[in-house]
Amino acid sequence: MIHITFSWNLVADVRQMLMFRFMVNALRAGTIVAVLAGALGWFMVLRRQAFAGHTLAIVSFPGAAGAILIGASATVGYFAAAVAAALVIAAVPRSLGGRARSGESALIGTVQAFALAAGALFVSLYGGFLNGLTSLLFGSFLGISSSQVVALLVMAVLALAGLAAIGRPLFFASVDPDVAEARGIPVRLLSSLFLVLLGLAAAEVSQITGVLLVFALLVMPAATAQQITVRPALSLALTVLLGLATVWLGLGVAFYSIYPVGFFITTFGFAGYVLAASWQAANGRWRRASGRDATVAVAA
Amino acid sequence: MGTAAREKTKMRTAVDTADAVRFENAAAQVGGRTIWSDVNISVPYGQFVAVLGPNGVGKSTLIKSVLGLVALSAGSVTVLGRPAGQAGREIGYLPQRRNFDSSLRVRGIDVVSLGADGERWGVPLPFAGRYLPSRRAARERVREVIDLVGASAYAERPIGQVSGGEQQRLLIAQALVRRPRLLVLDEPLDSLDLPSQSAVAALISRICREQNVTVMLVAHDVNPILPYLDCVAYIGRGGAVCGTPDSVIQSQTLTSLYRTPIEVLKASDGRLVVVGEPEAPARHHDRHEDEQA
């Protein structure tokens, strides 16, 4: 048995960490998950569909619990629930008119509340499920097999290829739907495709990270990057980098600590967002203040 | 632009094909109800034309039929010498809209760039603007139109954080990126303050003259654009009248179009006030309520 202690020699620490198969797999899976969730999350934040994304992540819980209850594989449950929820959300007419938007969020909220209730019921019907519940909600980041990593990689490559294929028209439809539609871009179809991709990604990722952490990885790096820069390509790249940094740091710190990995990943993500948002706010105030000075100077 | 100039020459020789947009005995239905019929409108190349009429008369529907987004129930519309819907890339379109959300973290220049290639599948290659001549040319064109509309100072800022008039300038730039021969604008002055209204109207007029672009503009108030117009088209349920502003915006013409007594008053500064236009006063009232909500 190797004794694990943290030294301030970081190279030695990392080397020690990589001696463990489960840590190597966790880092591999974390890397794939960070890239996949970052790219989809960037569009999700841009389209202001965080609530839809949260629901798509949450429905994996009743999906998996229900599948286990009826004796099917949990994986089937994750995907079936996420894709079904994506299609339900996509069926609501989404226009940028305020009313349609609030109609959408009301429907999503209703779906989400019912999904959680159904999940709780399935868990209680199954009985003696408590360990499973923890892993459904909080994931099993540190118990990933090599074959799971391969499956995750294949899925992520497919989802990212799909996203790349529709990338530019999706960006157009997200920013300026009226003009996009007049230009002949299938705005509704793109919206549905995006939700299905988001659902697939959420289902895949939540098998590793649990249904609660997946949302953190979708929303936090993207929201932080969009605070830092308004250049689309740069902020997308930054989203992926921030996601990677958060996951690697979280896993590294968790390895030397007794507390759960999800806590560290979320905390680093949150800290990054708070820093970026405060910097942005301070910057805006400074700019406004200097603008006011300029006006005063002109008046004087 | 070269083709537009050639079309202008053609206009002098063959009058029949000289119109950028022509409606012939056109009618349109929305939800099974005919909203206008017997509409005959000609928009000659290079002219600045306003489409006017009270609320609910179907001005936006008329614009959408020019774009080929709405099919006519009778008659025909010819756009740039072809049936509507086949001139896609040569039309620049600015839909009726509210403002961009102030939290949208996308620059004005990105929104303008989407006007050039937004519908192409895939994603732009990183750094392609530096190495591919076609991408570099596209980037320069974007800078050029931003300069043309006078938006260079704020094109790098998030579009939700610039004023309504500045947003409208950027959107006009977006519509102009591909050098359209016809620019179609649906209430571009709506929800702008008065100084911005006259500045944007002057800009549209300048684009029309200098870039030789035919402009069709839907408006509910003719006054900001009145000094620049070549032609107005007033739409009513049973037809349209089309001609110079002086000949159309008259008590007699509008009274016979709407079959209700209408009086056009001229203020000392040349502004026109149309009194008795069906539904118009109620509309102005609603507008203010919407703004407060």
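Residues numbered from 1 in each chain as written. Chains lettered and ligands numbered in written order. Predicted model: local features only at pLDDT ≥ 70, side-chain atom pairs only at ≥ 80, totals over all residues. Heavy atoms only, no water.

S.K.: Help me understand the overall build of chain A, please; the structure alone is not making it clear to me.
M.R.: A count of helices and strands for chain A gives twelve helices and zero strands. Traced from its N-terminal end to its C-terminal end, chain A shows the element sequence α-α-α-α-α-α-α-α-α-α-α-α. Considering only intrachain contacts with a sequence separation of at least 6, the fraction spanning at least 24 residues in chain A is 74%. By element, 72% of the accessible surface of chain A is carried by carbon and sulfur atoms, the whole surface being about 13900 Å². (Helix = DSSP H or I, 4+ residues; strand = E, 2+ residues; numbered from the N terminus. Contact = heavy atoms within 4.5 Å. Areas by Shrake-Rupley, 256 points an atom, 1.4 Å probe, with all protein chains shown as cover.)

S.K.: So what exactly am I meant to see when it comes to the interface of chain B and chain A here?
M.R.: The partner chain A presents 26 residues to the 31 residues of chain B that form the contact. Inspection of the region where chain B meets chain A yields four salt bridges. For A:Arg48, the salt bridge identified is with B:Asp101, shortest N-O distance 3.0 Å. Counting across the interface, chain B meets chain A through eleven residue pairs in polar contact (both at pLDDT 80 or more). At the level of elements, helix H3 (108–117) and helix H6 (164–176) of chain B are the ones that each hand at least two residues to the side of chain B that touches chain A. Ranked by residue count, the leading element in the side of chain B that touches chain A is H3(B), at five residues. By residue class, the composition of the side of chain B that touches chain A is 13 nonpolar, six polar and twelve charged. (Salt bridge = Lys/Arg side-chain N within 4 Å of Asp/Glu carboxyl O. Polar contact = N/O pair within 3.5 Å; in protein donor to acceptor, adjacent residues only side chain to side chain. Nonpolar A, V, L, I, M, F, W, Y, C, P; charged D, E, K, R; others polar.)

S.K.: Is there a simple way to think about the nonpolar core in this case?
M.R.: Of all hydrophobic cores here, the largest spans 129 residues; its most connected members are A:Leu40, A:Phe141, A:Val175, B:Ile172, B:Ile225 and B:Ile249. Broken down by element, this core gets its largest block of residues, 19 residues, from helix H10 (residues 187–228) of chain A. When neighbours within four sequence positions are excluded, A:Leu40 is seen to be in contact with A:Leu163, A:Phe194, A:Leu197, A:Leu198, A:Ala201 and A:Leu218. By size, the runner-up hydrophobic cluster in this structure holds 32 residues, among which are B:Ala20, B:Val21, B:Val39 and B:Tyr93. (Core = buried A, V, L, I, M, F, W, Y, C linked by side-chain atoms within 4.5 Å. Buried < 20%, exposed > 50% of the residue type's maximum accessible area, 1.4 Å probe, protein only.)

S.K.: Please clarify how the confidence of the model for chain B should be interpreted in this entry.
M.R.: Close reading of the predicted structure is inappropriate where its pLDDT is low. Residues and elements named next belong to chain B. Taken over all residues, the pLDDT of chain B has a mean of 84, while the share at 70 or more is 88%. Mean pLDDT across the elements of chain B bottoms out in helix H10 (residues 280–292) (39) and peaks in strand E8 (residues 214–218) (95). This stretch, residues 8–16, has a pLDDT under 50; its non-local contacts, to residues over four places away or in other chains, come to nine contacts. (pLDDT = per-residue confidence, 0-100.)

S.K.: Is there a simple way to explain the packing of aromatic side chains in this structure?
M.R.: Centre distance and the angle of the planes are the two values used to describe a pair of aromatic rings. All names here are of chain A. A full pass over the atoms with the stated rule returns nine aromatic pairs over all chains. For the ring pair Trp-42 and Phe-171, a centre distance of 6.1 Å and an interplane angle of 20 degrees mean the geometry is stacked. Remark: Phe-171 occurs in helix H8 (residues 146–175) and Trp-42 occurs in helix H2 (residues 21–46); sequence separation between them is 129 residues. Given the relative accessible area of 9%, Phe-171 is considered buried. (Phe/Tyr/Trp six-rings, centres within 6.5 Å; stacked < 30°, edge-to-face > 60°.)

S.K.: Teacher, can you tell me more about the confidence of the model for chain A here?
M.R.: All names here are of chain A. Per-residue confidence for chain A gives a mean pLDDT of 85, with 89% of residues at or over 70. Ranking the helices and strands of chain A by mean pLDDT puts helix H11 (residues 232–255) first, with 94, and helix H7 (residues 130–138) last, with 69. Ignoring residues within four places in sequence, the model shows residues 95–100, a span with pLDDT below 50, making six contacts including any to other chains. Note on residues 292–300: pLDDT under 50 across the span, and zero contacts to partners over four residues away in sequence or across chains.

S.K.: Sorry, what's going on with the side chain of A:Gln207 here?
M.R.: All names here are of chain A. Of note, Gln-207 is situated in helix H10. Under the relative-accessibility criterion, Gln-207 is labelled buried at 17%. A distance of 3.4 Å separates a polar side-chain atom of Gln-207 from the backbone oxygen of Ala-203. Gln-207 has contacts with Thr-75, Tyr-78, Phe-79 and Ser-140, leaving out every residue within four places of it along the chain.

S.K.: Can you help me understand the pairing of strand E2 (residues 33–44) of chain B in this one?
M.R.: For a regular strand, side chains alternate in direction, first toward one face of the sheet and then toward the other. Residue and element names in this part refer to chain B. Inspection of the sheet shows strand E1 (residues 19–30) paired to E2 by eight bridges, in the antiparallel sense. Bridge pairing in E2 links Gln-29 to Thr-34. Remark: two residues form the turn of the hairpin made by E1 and E2, two consecutive strands paired antiparallel; Gly-31 in that turn has positive phi of roughly 60 degrees. (Pairing = 2+ DSSP bridges.)

S.K.: Would you explain the packing of H8(A) against H3(B) in this entry?
M.R.: Two numbers describe a pair of packed helices, the interaxial angle and the distance between the axes. Following both chains from N to C, one finds H8(A) and H3(B) inclined at 130 degrees, their axes separated by 11 Å at the closest point. Of the possible angle classes, the one that applies to H8(A) and H3(B) is oblique. Like other packed secondary-structure pairs, H8(A) and H3(B) cross with a definite hand, here left-handed. Between H8(A), through A:Arg168, A:Phe171, A:Phe172 and A:Val175, and H3(B), the contact on the second element is made entirely by B:Val111, B:Leu114 and B:Asp117. Class assignment of the residues belonging to the contact of H8(A) with H3(B) gives a composition of five nonpolar, no polar and two charged. (Axes fitted to C-alpha atoms, helices over the stretch in contact; angles between N-to-C directions. Parallel < 35°, antiparallel > 145°, perpendicular 65-115°, else oblique. Left-handed = near helix turned anticlockwise from the far one by under 90°.)

S.K.: So what exactly am I meant to see when it comes to the sheet that holds strand E6 (residues 91–94) of chain B here?
M.R.: Within a sheet, each strand pairs with its neighbour through backbone hydrogen bonds, oriented either parallel or antiparallel. All names here are of chain B. Taken together, six strands build an open sheet; the order of strands is E6-E7-E8-E3-E9-E10 and the sheet is mixed. Edge strands, defined here as strands with exactly one partner in the open sheet, are E6 and strand E10 (239–243). Put simply, the sheet's adjacent strands are angled 15 degrees from each other on average, direction ignored. Helix H2 (residues 59–67) contacts strand E3 (48–52), E6, strand E7 (182–186), E8 and strand E9 (231–236) of the sheet and is inclined by roughly 150 degrees relative to E6. Packed onto the sheet, helix H9 (residues 251–258) meets E9 and E10 and runs at close to 30 degrees relative to E9.

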